[in-house]
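Tertiary structure, described
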Amino acid sequence: MNKKTIEDIGLKGKKVLVRVDFNVPLSSKDPNDEITVTDDTRIRAALPTLNYLLDEGAALILCSHLGRPSSPDDKQFTMDPVAMALSDALERPVIKVDEVVGDAVSDAVADLEPGDVLLLENTRFHPGEKKNDADLSRQLAELADVYVNDAFGSAHRAHASTEGVAQVMRSQGKPSVAGYLMGKEIEALGTAVANPPHPYIAIMGGAKISDKIKLIDNLLQTADKILIGGGMANTFLRASGYETGKSLVEEEALPEAKRLLEKASERLILPADVIVAPEFDPDAPDEVAMVNAIPADQMALDIGHQTVARFKEEIRDAKLVVWNGPMGVFEMPRFAKGTFQLAEALAELVDLGAEVIIGGGDSAAAVQQAGLSEKMSHVSTGGGASLEMLEGKLLPGIAALDDR
Ligand code: ADP
Ligand code: MG
């Protein structure tokens, strides 16, 4: 996808509005507490973009949403703790304003010098943000000479700070470009969608098939094979005529599962064996069952050893692997083996020159837990956004950026 990035434009002396993803975890939900940021990973992830802009001589106006406030009265979602964490990470002062737009903001922006960093209040404190309100978009655009979107995780939503503002910038002849994080996502996921190298193997898992039907449909257009594990495998197994005991099965998705199985014919590969337990419990005794012999009083909570071996065999010659959805209930160590062993196999594949892309919030968490995030070619930061992109959709926040 040919979108301009921060490296394609002049930045010296410019006021740059950057939509970042500072939707970070907080220490408390009680507005009367002294709230702090408990994990600044997302703030640190933005530093390459922010430091580049600062080094190039820009002044920064940063904005993000934080949590799901229903109004500005939900003070626990103020950006004040984020300003502190950002200042620590950047090792420079951060000016924080208490509005998203308005006179106080315009005044603060007027005073900005190159190297200054201003943080706006939570964009979702403004009722126009989620409505993609034209007036809010215009007020945001008026603050800056350049707009940078580095919040991939919000790119599938057409909100004022993601899509609306970029459209207004364009109408005013001002650049809207991708930051480094956004640029990497566009590059990695865009290639998988539009121009994948082959053999291209997709691996799908996670809890539910219903969330991912469109994704599987699109992967059947682009990928050579799809390996299925996790909870969704049970629905496919049932649709293929197997008894699945107490396993999580989405009855209402069975017709779609049957349709996908027919459409895929041999290209959709289901588990041959699974790890079963009598309860959804971390201490439940586990055993292996072949998929044609899942006991009626047991549920499948992970893929089995034969399946892991088969999946490893299937990916061996792959040039591209896209993985979405854990192979089992990886949150419970007993049922995490399939997921972790696959993650290890994928890390080895990267060493052999293949491209391995991880998409989805829980999948990213699983790879992180396995200590293998750094080994993968790309771990997408956007849960919903990466799924929609892999479905082949053009995300509004990306579409609105300037073409190269
Ligand atoms: P992602 O966020 O990567 O898209 P999902 O949200 O679709 O992934 O699915 C992740 C969840 O699926 C995890 O919480 C995991 O415990 C659950 N899961 C995986 N396998 C099973 C299974 N066999 N039975 C029940 N839940 C499962
Ligand atoms: Mg999830």
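Residues numbered from 1 in each chain as written. Chains lettered and ligands numbered in written order. Predicted model: local features only at pLDDT ≥ 70, side-chain atom pairs only at ≥ 80, totals over all residues. Heavy atoms only, no water.

1. Some points on the site of ligand 1
Heads up, the rule is: One heavy atom within 4 Å of a molecule or strand makes the whole residue count as near it. Counting of polar contacts relies on pairs of N or O atoms within 3.5 Å, with two restrictions inside protein: one atom must be capable of donating a hydrogen and the other of accepting it, and residues adjacent in sequence are counted only when both atoms are side-chain atoms. We get accessible surface area from the Shrake-Rupley algorithm with a probe of 1.4 Å; when it comes to residues, only the shown protein chains can shield them. Runs of E in the DSSP output that reach at least two residues are strands. Runs of H or I that reach at least four are helices, and both are numbered from the N terminus. Each residue gets one label: Ala, Val, Leu, Ile, Met, Phe, Trp, Tyr, Cys and Pro are nonpolar, Asp, Glu, Lys and Arg are charged, and the others, such as Gly, are polar.
In the vicinity of ligand 1, 18 residues are found, and the nearest of them are Ala 207, Lys 212, Glu 331, Asp 362 and Ser 363. Residue Lys 212 places a side-chain N or O atom 2.6 Å away from an oxygen atom belonging to ligand 1. Burial of ligand 1 by the protein chains amounts to 85% of its free accessible area of 580 Å². Examining the composition of the shell around ligand 1, we find that three residues originate from one element, helix H13 (residues 361-369), more than from any other. Its residues placed into classes, the shell around ligand 1 shows six nonpolar, nine polar and three charged.

2. Comments concerning the domain arrangement of the chain
For clarity, the threshold we go by: Each domain's limits were defined by an automated method or a database of domain assignments. Pairs of residues are marked as contacts when any of their non-hydrogen atoms sit within 4.5 Å. A simple way to read buried area is as the amount of 1.4 Å-probe accessible surface that goes missing from two parts once joined, with both sides added. Salt bridges are counted wherever a side-chain nitrogen of Lys or Arg sits within 4 Å of a carboxyl oxygen of Asp or Glu.
For the chain, the domain assignment lists domain 1 (6-183) and domain 2 (196-390). Its C-alpha centre places domain 1 at a distance of 36 Å from the equivalent point of domain 2. The interface of domain 1 with domain 2 comprises four residues on the first partner and eight residues on the second. Both sides together, the interface formed by domain 1 and domain 2 hides about 470 Å², and carbon and sulfur atoms give 70% of it. Of all residues in domain 1, Phe 152, Gly 153 and His 156 bury the most surface against domain 2, accounting for 86% of the area lost on that side. One can count zero salt bridges joining domain 1 with domain 2. Inspection of the domain 1/domain 2 interface yields zero residue pairs in polar contact (both at pLDDT 80 or more). Class assignment for the residues of the side of domain 1 that touches domain 2 results in one nonpolar, two polar and one charged.

3. Looking at the sheet that holds strand S11 (residues 287-290)
For the record, the criterion: Between any two strands, at least two bridges found by DSSP are needed for them to pair. Axes here mean lines fitted to C-alpha atoms, for a helix over just the part in contact, with angles spanning 0 to 180 degrees between N-to-C directions.
Ordered in space as S11-S10-S12, the three strands form an open sheet in which the pairing is antiparallel. Two strands close off the open sheet at either side, each with one partner strand: S11 and strand S12 (299-303). Geometrically, the sheet is characterised by an average inter-axis angle of 50° between neighbouring strands, direction not taken into account. In terms of strand pairing, strand S10 (residues 273-277) meets S12 through four bridges, oriented antiparallel. From the neighbouring strand, Val 276 faces S12, where its bridge partner is Ala 300.

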